[in-house]
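This is what each chain is made of:
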Amino acid sequence: MKIKTAIYPGSFDPITFGHLDIIRRAGKIFDRLIVSVFTHSAKKPMFTVEERVDMLRSALKGNKKVKIERFEGLLVDYLRKKKVNVVIRGLRAISDLEYEFQIAAINRTLYGGVETVFFMPRQRYTYLSSSVVRDIAHFGGDVSKLVPPYVIKKIKSR
Ligand code: COA
């Protein structure tokens, strides 16, 4: 049987329960998942790429289907390098659609074979984003319902 691999790219600054929910859902359909930390040219990150990879490793420890990586550059170059043609993205609300539609269309223009597969997180995570977490953390608020314990530890150590 053919092993089907998909790549879930993102900033993951930091990983949230919403991202983990998408990874769990994608893991039910794909044999292998590569979760890859990208640097976003327009975003000023809170955590370094190394820290983000470290938090993902902790959150996904023991999940044999998942591999954590990092990449700097175009997503399509990464896909070609890895010989993978499926991209996973989460759709939280209609407001995500325009942005996601644009990325998916551009990627398909740059690399004809690529397919983007969208997953809906559970309803309670539809309002969640990494910047919400960063903002609450900045003012010392409680993010325990939004991110795994290791991320809380990293936030507190700042
Ligand atoms: N749960 C919680 N948050 C979620 C989420 C979910 N299920 N799905 C998306 N988000 C949030 C993220 O936390 C992030 O929040 P923030 O903006 O508050 O930090 C936001 O939605 C979107 O971020 P993310 O999913 O990390 O994507 P991105 O827009 O930062 O980066 C890439 C997307 C990496 C795929 C894209 O930038 C890329 O391909 N970069 C490489 C360069 C490239 O190829 N460019 C050409 C194509 S545009």
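Whatever comes next refers back to the structure up there.
This structure is a prediction, so every number in the text was calculated from the model and none was measured.

Q: Describe helix H5 (residues 130–138), naming the residues involved and giving the relevant values.
A: Listed as buried for H5 are Ser130, Val133 and Ala137. All buried residues of H5 project into a common sector of 60° when viewed along the axis, lining one side. Those residues of H5 that are buried are in contact with helix H1 (17–27) and helix H6 (149–156). Once H5 finishes, Gly140 follows within two positions and takes phi at roughly 75°, a positive value.

Q: Give me the pattern of salt bridges: which residues, what numbers.
A: Applying the stated criterion to the full structure yields 13 salt bridges. Close ionic contact of Arg134 with Asp13 constitutes a salt bridge, the shortest N to O distance being 3.4 Å. Pair noted here: Arg134 is in helix H5 and Asp13 is in the loop between strand E1 (5–10) and H1, with a separation of 121 residues, a long-range link. Accessibility expressed as a relative area gives 3% for Asp13, which makes it buried. Across the salt bridge formed by Arg89 and Glu100, the nearest N and O atoms sit 2.8 Å from each other. One end of the pair, Arg89, is in strand E4 (residues 86–90); the other, Glu100, is in helix H4 (residues 94–110), and 11 residues separate them in sequence. We classify Arg89 as buried; its relative accessible area is 16%. Residue classification places Glu100 among the buried residues on the basis of a relative accessible area of 5%. Salt bridges sharing partners connect three or more residues here, namely Asp13, Arg52 and Arg134.

Q: Please provide a residue-by-residue account of the environment of Leu91, values included.
A: Mapped onto the elements, Leu91 comes out in the loop between E4 and H4. In this structure the C-alpha to C-alpha distance between Leu91 and Ser41, which are 50 residues apart in sequence, comes to 21 Å. Among all residues touching Leu91, those that are not within four sequence positions of it are Asp96, Leu97, Glu100, Phe118, Phe119, Met120 and Pro121.

Q: So what about the site of the ligand? Which residues, and what values?
A: Surrounding the ligand, one finds 23 residues, the nearest of these being Ser11, Lys43, Tyr99, Ser130 and Ser131. A distance of 3.3 Å separates a nitrogen atom of the ligand from a polar atom in the backbone of Gly18. Tyr99 places a polar side-chain atom, nitrogen or oxygen, 2.3 Å from an oxygen atom of the ligand. In isolation the ligand offers 930 Å² of accessible surface; the protein chains occlude 86% of this area. If you list the elements that add at least two residues to the shell around the ligand, you get E1, H1, H4 and H5. Split by residue class, the shell around the ligand holds eight nonpolar, 11 polar and four charged.

The rules behind these values
- Residues numbered from 1 in each chain as written.
- Predicted model: local features only at pLDDT ≥ 70, side-chain atom pairs only at ≥ 80, totals over all residues.
- Heavy atoms only, no water.
- Buried < 20%, exposed > 50% of the residue type's maximum accessible area, 1.4 Å probe, protein only.
- Helix = DSSP H or I, 4+ residues; strand = E, 2+ residues; numbered from the N terminus.
- Arc of directions from axis to C-beta.
- Contact = heavy atoms within 4.5 Å.
- Salt bridge = Lys/Arg side-chain N within 4 Å of Asp/Glu carboxyl O.
- Near = heavy atom within 4 Å.
- Polar contact = N/O pair within 3.5 Å; in protein donor to acceptor, adjacent residues only side chain to side chain.
- Areas by Shrake-Rupley, 256 points an atom, 1.4 Å probe, with all protein chains shown as cover.
- Nonpolar A, V, L, I, M, F, W, Y, C, P; charged D, E, K, R; others polar.

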